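The lines below spell out each chain.
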Amino acid sequence: MKAAVLTGINTLGIDHLPTPVAAPGEVLVRIRAAALNHRDVWIKTGQYAGLKFPIVPGSDGAGEVCDTGPGVDRDWIGREVIINPGLDWGHQEKAQELRFSILGLPKDGTLAEYVHVPVSQIALKPGHLSWEEAAALPLAGLTAYRALFSRARLEAHEKILITGIGAGTALFALQFALAVGAIPFVTSSSPEKLARARQMGARHGVLYTSGNWAKDFGDHYGPFDVVIDSAGGPGFAELVDLCAPGGRLVFFGATRGNSGDMPLRKIFWRQISLLGSTMGSPSDFDAMVKLVSTKGIHPTISQVFPLEKVADAFELLEEGRQFGKVVVSV
Ligand SMILES: NC(=O)c1ccc[n+]([C@@H]2O[C@H](COP(=O)([O-])OP(=O)(O)OC[C@H]3O[C@@H](n4cnc5c(N)ncnc54)[C@H](OP(=O)(O)O)[C@@H]3O)[C@@H](O)[C@H]2O)c1
């Protein structure tokens, strides 16, 4: 089969590999479209724990089941599915178990013509989604869903601030917040991205690149019941100031690294909850797919590349030029 293969840090090419087979309890999926996440960039650039080469990257994929391993109902064959990339979450809702891993490292991922996964990792593709939209959904949709609902317990009419709206995860957070009647506000480095977010329903937006943005924005539009962040870095502490008393600040990424000093007195005096979050449980995944189906949500796709141009797809994400998901059609 044809696949994108990383043979070392920043060494990405297209190669021919043996087509995998479905092991007991698994299905073999013929991938129609895959999507990138920032995780794939961290892996490509050597900034992710547990690197191993060669590896087929890619956590997100949608396609047709073309074979089943022993013990799996052969009725699955021919079904159109999406893949939950969170493997071995375990049995507790509160957190994943130690053996949890993510498709695309250490196990070969979706940027290939075929991938094999346990049958428990697949769900029927929502009927209203194209292959590209379906591929865009799993990892970022799951992460946004858990952050908003399982962790922050976002409710209708609450004000939510979503930082870095160009991110795949952030756009799902925006769409999900709107779907439940919350009132979203956004930040970005780009006026164009802010304008697009406003068109999608964000109430207001601000450039996080402009000095003192947090104070001015907070004075006008804050405070926020929920803040969702994946950038971290020195600006993270400012997000505390934007939280309402009793507010929830959820974070699942550190694109800009660790935060600086945290204003501990403000956090405890104002009863603010700092909530770490990572991907989501199988029931988060099911609930996310149900929300997307019942509300008819279409993932925001920045651009679609053919597999042969996968390096260009990575470049778009590495340069932060995307608005939404970067998809690779296989
Ligand atoms: N723990 C988990 O389970 C989990 C799951 C998914 C993602 N993540 C992490 O979350 C982060 C986002 O992932 P992704 O795949 O959605 O990324 P992505 O699509 O590559 O988007 C990255 C975005 O980060 C934003 N950004 C950069 N600097 C920022 C800053 N100072 N303040 C606010 N936003 C900033 C930019 O938004 P603008 O373009 O609007 O400026 C950029 O587009 C990554 O660090 C990723 O590793 C973690």
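As the structure is a computational prediction, the values presented were derived from the model and not from experiment. Every chain's residues receive numbers from 1 upward, in the order its sequence appears when written. Only residues with pLDDT of at least 70 are given local features in this predicted model, and only at 80 or more are side-chain atom pairs given and counted; all residues enter the totals for whole chains, interfaces and linings.

Enquirer: Hey, could you run me through the environment of Arg321 in this one?
Expert: Every helix listed is a DSSP run of H or I at least four residues long, and every strand listed is a run of E at least two residues long, numbered separately from the N terminus. Checked against the element boundaries, Arg321 lands in the loop between α10 (310-318) and β17 (325-329). Taking the C-alpha atoms as reference points, Arg321 and Lys159, 162 residues apart in sequence, are found 27 Å from one another.

Enquirer: So what exactly am I meant to see when it comes to the site of the ligand here?
Expert: Taken together, 32 residues lie around the ligand, and Gly164, Gly166, Ala167, Ser189 and Gly253 are the ones closest in. Breaking the shell around the ligand down by element, the ones donating at least two residues are α1 (38-44), α3 (138-151), α4 (168-179) and β11 (183-188). For the shell around the ligand, the element with the most residues is α1, which contributes 3 residues. Ten residues, namely Ala, Val, Leu, Ile, Met, Phe, Trp, Tyr, Cys and Pro, are considered nonpolar, four, namely Asp, Glu, Lys and Arg, are considered charged, and the remaining ones, Gly among them, are considered polar. Residues belonging to the shell around the ligand are distributed by class as follows: 9 nonpolar, 20 polar and 3 charged. In this document the domain limits rely on a domain assignment from an automatic tool or a database. Built from parts of two domains, the shell around the ligand gets at least three residues from each of domain 1 (2-137 + 299-329) and domain 2 (142-276). All residues are tested the same way: a C-beta atom is placed from the backbone, and lying within 6 Å of a molecule or strand makes the residue near it.

Enquirer: So what exactly am I meant to see when it comes to the sheet that holds strand β15 (residues 273-276) here?
Expert: Whether parallel or antiparallel, the strands of a sheet pair through hydrogen bonds between backbone atoms. If DSSP finds at least two bridges between two strands, the strands pair. The strand order β12-β11-β10-β13-β14-β15 describes an open sheet built from 6 strands, whose pairing is parallel. Each having just a single partner strand, β12 (204-207) and β15 make up the two edges of the open sheet. Across the sheet, the axes of successive neighbouring strands diverge by a mean angle of 20°, strand direction being ignored. In the sheet, strand β14 (residues 243-251) pairs with β15 via 4 bridges, with the strands oriented parallel. Axis definition: a line fit to C-alpha positions, over the contact stretch in the case of helices; interaxial angles, taken between N-to-C directions, run 0 to 180 degrees.

Enquirer: Which parts of the structure should I look at to understand helix α9 (residues 282-294)?
Expert: One turn of the α-helix equals 3.6 residues, which is why residues spaced by three or four share an orientation. For α9, which comprises 13 residues, the first-to-last C-alpha distance of 18 Å matches the rise-based estimate of 18 Å (1.5 Å per residue) to within 8%. Looking only at α9, the buried set comprises Asp284, Phe285, Met288, Val289 and Val292. Seen end-on, α9 carries its buried residues on one side only, within an arc spanning 130°. Turned more than 90 degrees from where α9 packs its buried face, Ser283 and Thr294 sit exposed. It is the C-beta atoms, placed from the backbone, that decide contacts: two residues are in contact if theirs lie within 7 Å. Residues of α9 that are buried make contact with β9 (122-124) and α3. Trailing α9 by a residue or two, Gly296 shows a phi angle of about 60°, which is positive. Given the number of residues in a helix, its expected span is that number minus one, multiplied by 1.5 Å. Burial is judged by counting the other C-beta atoms within 10 Å of a residue's own C-beta: 20 or more makes it buried, 12 or fewer makes it exposed, and any count in between marks it as partly exposed, with every C-beta position built from the backbone. Note that the arc is defined by the directions from the helix axis to the C-beta atoms.

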